[in-house]
Amino acid sequence: MGFLKELDQNDLASTGRELHAFAAELFPICRSITGDGIRRTLALIRDRIPLETVEVSTGTPVFDWTVPKEWNIRDAYIQGPDGKRVVDFQCCNLHVLNYSAPIHATMPLSELKPHLFTLPDKPEWIPYRTSYYRESWGFCLSHNRMLALQDGDYEVSIDSTLEDGRLTYGECYLPGRSTDEVLISCHACHPSLANDNLSGLAVATFLARLLSGRDLHYSYRFLFIPGTIGAITWLARNRESVGRVRHGLVLTCIGDAGGFHYKKSRRGDAEIDRAVAHVLRHQSEPSEVLEFSPYGYDERQYCSPGFNLPVGCLMRSVWGAFPEYHTSADNLDFIRPLPLAGSLHVCAAILDVLENNHRYCNQNPYCEPQLGRRNLYASTGGESIGDEISARLWVLNLSDGEHSLLDIAERSGLPFPAICDAAGLLSKNGLLSVVPDIAAPKGQ
Amino acid sequence: MGFLKELDQNDLASTGRELHAFAAELFPICRSITGDGIRRTLALIRDRIPLETVEVSTGTPVFDWTVPKEWNIRDAYIQGPDGKRVVDFQCCNLHVLNYSAPIHATMPLSELKPHLFTLPDKPEWIPYRTSYYRESWGFCLSHNRMLALQDGDYEVSIDSTLEDGRLTYGECYLPGRSTDEVLISCHACHPSLANDNLSGLAVATFLARLLSGRDLHYSYRFLFIPGTIGAITWLARNRESVGRVRHGLVLTCIGDAGGFHYKKSRRGDAEIDRAVAHVLRHQSEPSEVLEFSPYGYDERQYCSPGFNLPVGCLMRSVWGAFPEYHTSADNLDFIRPLPLAGSLHVCAAILDVLENNHRYCNQNPYCEPQLGRRNLYASTGGESIGDEISARLWVLNLSDGEHSLLDIAERSGLPFPAICDAAGLLSKNGLLSVVPDIAAPKGQ
Amino acid sequence: MGFLKELDQNDLASTGRELHAFAAELFPICRSITGDGIRRTLALIRDRIPLETVEVSTGTPVFDWTVPKEWNIRDAYIQGPDGKRVVDFQCCNLHVLNYSAPIHATMPLSELKPHLFTLPDKPEWIPYRTSYYRESWGFCLSHNRMLALQDGDYEVSIDSTLEDGRLTYGECYLPGRSTDEVLISCHACHPSLANDNLSGLAVATFLARLLSGRDLHYSYRFLFIPGTIGAITWLARNRESVGRVRHGLVLTCIGDAGGFHYKKSRRGDAEIDRAVAHVLRHQSEPSEVLEFSPYGYDERQYCSPGFNLPVGCLMRSVWGAFPEYHTSADNLDFIRPLPLAGSLHVCAAILDVLENNHRYCNQNPYCEPQLGRRNLYASTGGESIGDEISARLWVLNLSDGEHSLLDIAERSGLPFPAICDAAGLLSKNGLLSVVPDIAAPKGQ
């Protein structure tokens, strides 16, 4: 049970501060599904973990889609009749409708208004809006600022380019003893949004760093990709090898102070679904497991019927369900160091389950072995036993080659680490042997 | 989703009035399991829908039973010591023990009493009693009237015949593209009882009229039969072809103001069971799904172990559980136009599910197809989607050839019509193809 | 349904008094896992039922264990500085750490104390402790008496022997028509403990007496054995034939005033699990069904993964969960006549289910048979039926050769005896035939 133990050697608070600091470093960059924003983001991730950057040309067909033009932006503003900038991209990159085509024009307010997006219910916040696949331009601003606009002519400027170029994503592959893979995916295409975007990037980066250079059972693949089109592009380029993905997680909205939510994979009973549910049940924060639905983040693509990969989505507050979602209020105050560190901990605990979820065979399956003479049992009869001995009895009783350690943890109600430690001790004492087809996968 | 839409073009209130008027026309007839009462009833149904009348001779063996003698009655009364009729069949045909043998005699009250049936708990109501398979005679009357009888000699007259003849039932067959059948069965053997008998006859007749002349996937068979012996006779005569019944419903007690009750088929998980449960869950009246039991109406015969047909029973108030059941209080006031029309609506919605419950294959199963460029998606990113788009995503995600539209409706929590409409739209856009073995059954 | 009917011919109270009297006779004996205590216990059981006594030599390997030395004890005491006995085995055999090696020595209190066991939370009660597999000596006493011990030298004497000898257990085999077996197992190794030990011995003895000499479907094997090592020894000696065990029960803690608890077998859905749950649901005392766990009584061994026998454990209060457990307060006042008799009743009802749980084939599977002409139905139509007729309809409907009578009882919600009686009556009327592979097992 190595990842969690290694993490626990560090102070939770200091890990949280590091995670938050990394998010803060990424925050100002104006990301989109293509362009220099995501390139700069990947560069900062590459400072921390080994990362391969992949670039795919505009126009490349990817299943039913086509890689779009590359978008870059330098500046954007609306200047009022009095010559003052009433909306300024330099203050907040959410102000521009993401993927806006370039424009420089002067127009009366009435003509401008259809291009303005606001949130009447949250009049102080700037919304986040995009128009990737229909060429358009626009500005997002607080509803109050919009209401304050006087009639008159406005100078509108979006200094962007929307041209043939490349779509960029990052891939960190950590080989394990098995070529079977665990996929960790997060989107890196949102501009200055903290929980929805940066929390996932930070936790995934630190998780990769935690695994890096260690002896791993599975191989791990971390994807830092533009949402939807990035996942589709990656799947299109890896269609043949995607069957290696044995377990997967999409990480998003994982830095706020809310409890955990896990949305199950389309399969609903995949090992990852059971592992996450088990870990969440045995940690201290509130948590809820949600059924799969085909709307959400990139699990939509991984769980499309042709792939049907065992990929779920781990969140704290559920995207779309918290008021700050897709607004300027999803900022660096909305994500907190301790929740970020707690999320990293939960991820490590999940991977510990996956890495150690072997099946064993009891070497003395007829009756109980005599634990007492091996110093594995209480020595004075007549008193009740503790959880440690209980875990040993459960492991011995259910280790018939059919039950995995996670099966045993679930049936016993004991936490996976207790079951895993018991299996380790019993193996050391020659009472268990691991079932090879899971412990040492083909090719070894 | 045609039946429901067609119905909705009419006013619910006027449909209800028509249904009630038809029940009122049938009400005065003295029906029994054989005889002219059921013949006259079938004639009135035949005025509305194509109906074949089948006659089976007394003495014909039908499985463990024998078709009984034909019963007809012209008059019956009890005349008191003072020469006045204290019980008169002309006032209410429930007064005669149904299937009474003829009698004309004078006897003291003490000798008459064992032949009188009353309801001490409901002293104003006349009970409904029968004696089909043990030759007998008797009268049913209100408990209060019985208590008022003075000692003395009573003239008893039942002008009935119980002779070799025929058992009669009606069958309306509406051919569809498939020879697989949907069976709708209701009993037509009760005298002046409205909910228990006439409500089912009226709703079934109107349902057949709604389907008549339309393009149908399934063939439909409506049975208007005497309870128990009618179903047994029909099954005996159709033993070889009964395997064509893919779904079935017994309709009874479906006109009162209570909420819906559906009793599942013996199988418990048949498509009809799931379809009805789904429709009831998504309509506005209270409803409850009940487990199968071997007591009840003709589902007893259809679900006998040798047949085990997928036939459930749709009711409003459950027979036997409402006080008016099998009494003179189950009259034309007890059934109401709007509940009758609501029952017809629910039946139409159920048939819409059965007719359209196909399986589809997503033609772009790898990742989501790009709905936006087909105008099947919201155009500005960043906002949440509505139920229409959600239905499309669900249909695409689960259309792997394994899931039926009902499966998808149940898993998504969306109503079947929304799922069905989405499937239609996606098919029109070339994104889905129907799986043939359900959509176009053998022989086409 | 013979056992229960036979029992019911006797007065529950007098049966309870007999059971309690037998427990009282066994109470004073100082039992252990080997030695004359268990021999004397088996002799008293043999006075009531046919019992074979098996003796297995010290040193015999039994799976991972070895049959231990034989322990016998004549006397034991601690004599205080003032020459008075402060602890005396003759007053209560719990005072000696069970399996203590012999000792005769004088030592100061400080040296004695590590050998004293008390219950600080229950200061008036003497604990029960053992040291079977680590040679040791010690005394158990009330915490208050221990606190009252003055400093000074104590004379300590345990006049025991721990030498090569034999392990003893008793086996009562009652042959039935089938060689398939029902196993009833209880431990007989605890000294003066009433609920934990004697209640099981008494109920099992009376149950065997009830079955003895009767026409039985199954063969029955009653084991009266030392806990753990006895079950292991029996399993080691019967490894090849143990597959005959079709159902099994461990009886323990079955005489106190608490409601029933049944711990399911490792399989969790074995017929014994369903039979016990059904019987408990339909009797009047509170009851609870518990999931299997690998800690407890000898079901641990029977349910070890190499055997995985369908053996559950029937209790009233759960061992370890009531304060009197493994203390001097688990005495003859703690078990009561009526609960003992009630436990015997429940066991008889369980065996009645197992003996009669056949599958039948409805001989008229197409539609219902006409029960009326066989006098198996109410004669006047229109009224509702009672449980007796309901049971007949359920048996007819589900007797398709697949459903056992217990299946039918569970699905109908009716008690097994009602279903069983209905099946008997229908068989007598030629309407059912039993499915042979259960009713008449191989070799007949």
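What you are looking at is a predicted structure, and each value in this text was computed from that prediction instead of being measured.

**Q** Could you clarify how one ought to interpret the overall build of chain A in this entry?
**A** Along its length, chain A carries 14 helices and 19 strands. Scored against the burial criterion, the 444 residues of chain A give a buried share of 62%. Here chain A has roughly 16300 Å² of accessible surface; of this, 47% comes from carbon and sulfur atoms. When the 41 basic and 54 acidic side-chain charges of chain A are each reduced to a single mean position, those positions are 3 Å apart.

**Q** What exactly am I supposed to notice about the pairing of strand S12 (residues 219–225) of chain C here?
**A** On a regular strand, one side chain projects to one face of the sheet and the next to the other, so that they alternate. Residues and elements named next belong to chain C. Most of S12 is tucked away, with seven of its seven residues classed as buried. Along S12, one buried face is formed by Ser219, Arg221, Leu223 and Ile225 and the opposite face, lined by Tyr220, Phe222 and Phe224, is buried too. Both strand S10 (residues 166–174) and S12 contribute to a ladder of five bridges, which runs antiparallel. Across the sheet, the residue bridging to glycine 170 is phenylalanine 224, located in S12. Sheet topology note: the strand S11 (residues 181–187)/S12 ladder contains seven bridges and is parallel. Looking across to S12, one finds that leucine 183 is bridged to arginine 221. For the crossover from S11 across helix H6 (residues 194–211) to S12, the handedness is right-handed.

**Q** I tried to follow the sheet that holds strand S19 (residues 432–434) of chain B on my own but got confused; where do I start?
**A** The strands making up a sheet are joined through hydrogen bonds of the backbone, oriented either antiparallel or parallel. All names here are of chain B. A sheet is described by the order of its strands in space; here three strands give the open sequence S18-S17-S19, paired in antiparallel fashion. Two strands close off the open sheet at either side, each with one partner strand: strand S18 (400–404) and S19. Within this sheet the neighbouring strands show an average axis-to-axis angle of 35 degrees, counted without direction. Two strands pair when backbone bridges link them, and strand S17 (residues 359–362) and S19 are joined in this way by three bridges, in the antiparallel orientation. Bridging from a neighbouring strand, asparagine 362 pairs with leucine 432 of S19. In the packing of helix H12 (residues 405–412) onto the sheet, the strands contacted are S17 and S18, and the crossing angle to S18 comes to about 70 degrees.

**Q** Before we go on, may I ask you to explain the interface of chain A and chain B in this structure?
**A** Where interface size is quoted, it is often the accessible area lost as the parts come together. Each side of the interface is counted separately: chain A has 26 residues, and chain B has 26 residues. Taken over both partners, the interface formed by chain A and chain B buries close to 2300 Å², and the fraction arising from carbon and sulfur atoms is 50%. Applying the counting rule to chain A against chain B returns four salt bridges. Note that aspartate 64 of chain A is salt-bridged to arginine 373 of chain B, the shortest N-O span being 2.7 Å. Joining chain A to chain B, the criterion identifies 15 residue pairs in polar contact (both at pLDDT 80 or more). When contributions to the side of chain A that touches chain B are tallied by element, the ones reaching two or more residues are helix H7 (229–237) and helix H9 (299–302) of chain A. In the side of chain A that touches chain B, the residues fall into 13 nonpolar, seven polar and six charged.

**Q** Would you mind going over the interface of chain C and chain B with me for this structure?
**A** With 26 residues of chain C at the interface, the matching set in chain B holds 26 residues. Taking both partners together, chain C and chain B bury about 2300 Å²; carbon and sulfur atoms supply 50% of that area. Three residues stand out in chain C for area buried against chain B, namely Tyr366, Cys367 and Glu368 of chain C, and they jointly supply 29% of the buried area on that side. One can count four salt bridges joining chain C with chain B. Note that aspartate 400 of chain C and arginine 266 of chain B form a salt bridge whose closest N and O atoms lie 2.9 Å from each other. Of all the secondary structure elements, the ones that give two or more residues to the side of chain C that touches chain B are helix H11 (387–398) and strand S18 (400–404) of chain C. The leading source of residues in the side of chain C that touches chain B is H11 of chain C, at five residues. Considered class by class, the residues forming the side of chain C that touches chain B number 10 nonpolar, 10 polar and six charged.

**Q** In this structure, what is going on with the relation of the copies chain A and chain B? I would like to understand it.
**A** Overlaying chain A on chain B yields an RMSD of 0.0 Å, the required transformation being a rotation through 120 degrees with an accompanying axial translation of 0.0 Å. Taken together, the rotation angle and the small translation identify this as a three-fold axis. Closest to the rotation axis within chain A is the C-alpha of aspartate 269 of chain A, separated from it by 12 Å.

**Q** It is not clear to me how the sheet that holds strand S19 (residues 432–434) of chain C should be interpreted in this structure. Could you clarify?
**A** Residue and element names in this part refer to chain C. Strand order in this open sheet of three strands is S18-S17-S19, and the pairing throughout is antiparallel. If you trace the sheet from one side to the other, it starts and ends with S18 and S19, each paired once. Going from strand to strand, the sheet's axes swing by 35 degrees on average, the running direction of each strand aside.

**Q** Is there a simple way to explain the pattern of salt bridges in this structure?
**A** Where charged atoms from two side chains of opposite charge come close, those side chains can pair. Residues and elements named next belong to chain A. Applying the stated criterion to the full structure yields 69 salt bridges over all chains. In this structure, the salt-bridge partner of arginine 221 is glutamate 171, at a minimum N-O distance of 2.7 Å. Of this pair, arginine 221 sits in strand S12 (residues 219–225) while glutamate 171 sits in strand S10 (residues 166–174), placing them 50 residues apart in sequence. Overall, the relative accessible area of 13% leaves arginine 221 in the buried class. Beyond isolated ion pairs, a larger network of salt bridges with shared partners links Asp36, Arg39, Glu55 and Glu70.

**Q** Any chance you could explain the side chain of arginine 316 of chain B here in plain terms?
**A** Within the secondary structure, arginine 316 of chain B sits in the loop between strand S16 (311–315) and helix H10 (337–356). Here serine 343 of chain B takes part through its side chain, which lies 2.8 Å from a polar atom of the side chain of arginine 316 of chain B.

**Q** Which parts of the structure should I look at to understand H11 of chain C?
**A** Residues three or four positions apart in an α-helix share a direction because the helix packs 3.6 residues into each turn. Relative to the 16 Å expected for 12 residues at 1.5 Å per residue, H11 of chain C spans 16 Å between its end C-alpha atoms, a close match to the ideal helical length. Counting buried residues along H11 of chain C, 10 of its 12 residues qualify, which places the element largely inside the surrounding structure. Residues Ile389, Ser390, Ala391, Arg392, Leu393, Trp394, Val395, Leu396, Asn397 and Leu398 of chain C constitute the buried set of H11 of chain C. Contacts made by the buried residues of H11 of chain C are with helix H9 (299–302) of chain B together with strand S17 (359–362), S18, helix H12 (405–412), helix H13 (416–428) and S19 of chain C.

**Q** Where do I start with the side chain of glutamate 299 of chain C in this structure?
**A** In this structure, glutamate 299 of chain C sits in helix H9 (residues 299–302). Not counting residues within four places of it along the chain, the set of residues in contact with glutamate 299 of chain C comprises Val250, Lys263, Phe292, Val311 and Cys313 of chain C.

**Q** Is there a simple way to explain the environment of valine 279 of chain B in this structure?
**A** All names here are of chain B. Take valine 279: it is sitting in helix H8 (residues 271–281). Judged by its relative accessible area of 9%, valine 279 is buried. Apart from the residues within four sequence positions on either side, valine 279 is in contact with Val346, Ala349, Ile350 and Val353.

**Q** Help me out: how do you make sense of the environment of isoleucine 73 of chain B in this one?
**A** When you line up the elements, isoleucine 73 of chain B lands in strand S4 (residues 70–79). If near-sequence neighbours (up to four positions away) are discounted, isoleucine 73 of chain B is found in contact with Cys30, Phe89, Val96, Ile158, Asp159 and Ser160 of chain B.

**Q** Would you explain the confidence of the model for chain A in this entry?
**A** Detailed reading of the predicted coordinates is not advisable wherever pLDDT falls low. Residue and element names in this part refer to chain A. With 97% of its residues at a pLDDT of 70 or more, chain A has an overall mean of 95. Segment residues 439–444 is flagged for pLDDT under 50; beyond a separation of four residues in sequence, or across chains, it makes nine contacts in the model. Model confidence for the complex is summarised by a pTM of 0.93, with the ipTM given as 0.93.

**Q** Explain helix H6 (residues 194–211) of chain B to me, please; I cannot follow it from the model alone.
**A** Residues and elements named next belong to chain B. In this model H6 runs 24 Å from its N-terminal to its C-terminal C-alpha over 18 residues, within 8% of the 26 Å that 1.5 Å per residue would give. Most of H6 is tucked away, with 17 of its 18 residues classed as buried. With its phi angle positive at about 80 degrees, glycine 213 sits one or two positions after the end of H6.

Here is what the cut-offs are and how they apply
Residues numbered from 1 in each chain as written. Chains lettered and ligands numbered in written order. Predicted model: local features only at pLDDT ≥ 70, side-chain atom pairs only at ≥ 80, totals over all residues. Heavy atoms only, no water. Helix = DSSP H or I, 4+ residues; strand = E, 2+ residues; numbered from the N terminus. Buried < 20%, exposed > 50% of the residue type's maximum accessible area, 1.4 Å probe, protein only. Areas by Shrake-Rupley, 256 points an atom, 1.4 Å probe, with all protein chains shown as cover. Lys, Arg positive; Asp, Glu negative; His and termini not counted. Charge placed at Lys NZ, Arg CZ, Asp CG, Glu CD. Pairing = 2+ DSSP bridges. Right-handed = clockwise from strand over helix to strand, strands pointing away. Axes fitted to C-alpha atoms, helices over the stretch in contact; angles between N-to-C directions. Contact = heavy atoms within 4.5 Å. Buried area = accessible area lost by both parts, 1.4 Å probe. Salt bridge = Lys/Arg side-chain N within 4 Å of Asp/Glu carboxyl O. Polar contact = N/O pair within 3.5 Å; in protein donor to acceptor, adjacent residues only side chain to side chain. Nonpolar A, V, L, I, M, F, W, Y, C, P; charged D, E, K, R; others polar. Least-squares fit on C-alpha atoms with pLDDT ≥ 70 in both. Expected span 1.5 Å × (residues − 1). pLDDT = per-residue confidence, 0-100.

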